[in-house]
Amino acid sequence: MAILPIIKAPDPRLRRVCTPVEEFDNKLRALMDDMLETMYAAPGVGLAAPQIGITSRIIVMDVSNDEGKRSPLKIINPKILESSDTIIKQEEGCLSFPEQYIAVERAETVRVLFRDENNIPQEIKAEGLSSVCIQHEIDHLDGLLFVDRISQIKKNMIMRKLKKNKRTYKK
Ligand code: NI
C-alpha cells in the first residue's frame, strides 16, 4: 500500500471526464487500497480517482468518522438512480481544495448503483453525510468540482486564493 500525492486545484486534470472501469483485476484492487490509505492519511472522508491523476470512474469513501471502526466503501462506475427532491445545504471540504469549506446544496438522499471491486453490482441508499459525500465524489468523475455549485463571485474568490497559494508554496 502507498500514500499517493493528491492533485490540488486549480489543475486541468481535475476537469477531465472519467471513463468506466472495464478490468476488475488485482491492479484495480491495489489502486483502491492505495486510494483508501491516501484518504485516511489526508485525512478525508472521500477520494475520487482524478484527484490522484487517474481518469477512471473510481471512488473510495468512509464517512464513519471513527478511527477504531472503519467502514470503507469502494465504488466503481456509480450511477445515481434516484435523487430526492428535498435539498440539504451542508458545509463541504475537498482534499483538492485545502482549508476551503463551502456550503453546497445537494439532494438529501440518493440511490446509487455501482460495482464493487469484484465487479458485483451493489446498490446503496445514501442519506445525510453519506449522500453529500457520494454526490461530491461522483461530480469529480465528471470533472465537476464543488466550487461549480456555488455562486460565481464566491467561486472566483476561492480560485484566486488557491492560485496565490500555489505560487507561494510550489510543490
Ligand atoms: Ni473533492
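The sections below set out a description of the structure shown in this document. (Residues numbered from 1 in each chain as written. Predicted model: local features only at pLDDT ≥ 70, side-chain atom pairs only at ≥ 80, totals over all residues. Heavy atoms only, no water.)

Moving on: the side chain of asparagine 77. Residue placement: asparagine 77 occurs in strand S3 (residues 73-83). Separated by 2.8 Å, the side chain of asparagine 77 and the backbone nitrogen of valine 21 make a polar contact. Those residues within four positions of asparagine 77 in sequence are excluded, and the remaining contacts are Pro20, Val21, Phe24, Arg57, Leu113 and Phe114. (Helix = DSSP H or I, 4+ residues; strand = E, 2+ residues; numbered from the N terminus. Polar contact = N/O pair within 3.5 Å; in protein donor to acceptor, adjacent residues only side chain to side chain. Contact = heavy atoms within 4.5 Å.)

Attention shifts here to the pattern of salt bridges. Throughout the structure, instances matching the rule amount to 11 salt bridges. Across the pair arginine 15 and aspartate 148 runs a salt bridge, and its minimum N-O distance is 2.7 Å. Of the two residues, arginine 15 is situated in the segment before helix H1 (26-41) and aspartate 148 in the loop between helix H2 (129-141) and helix H3 (152-168); the sequence distance between them amounts to 133 residues. Residue arginine 15 is classed as partly exposed on the basis of its relative accessible area, which comes to 38%. A salt bridge links aspartate 142 to arginine 57; the nearest nitrogen and oxygen atoms lie 2.9 Å apart. You can see aspartate 142 sitting in the loop between H2 and H3 and its partner arginine 57 sitting in the loop between strand S1 (46-48) and strand S2 (58-61), a full 85 residues away along the chain. Overall, arginine 57 belongs to the buried group, its relative accessible area being 12%. Salt bridges linked by common partners bring Glu92, Arg106, Asp139 and Arg149 together as one network. (Salt bridge = Lys/Arg side-chain N within 4 Å of Asp/Glu carboxyl O. Buried < 20%, exposed > 50% of the residue type's maximum accessible area, 1.4 Å probe, protein only.)

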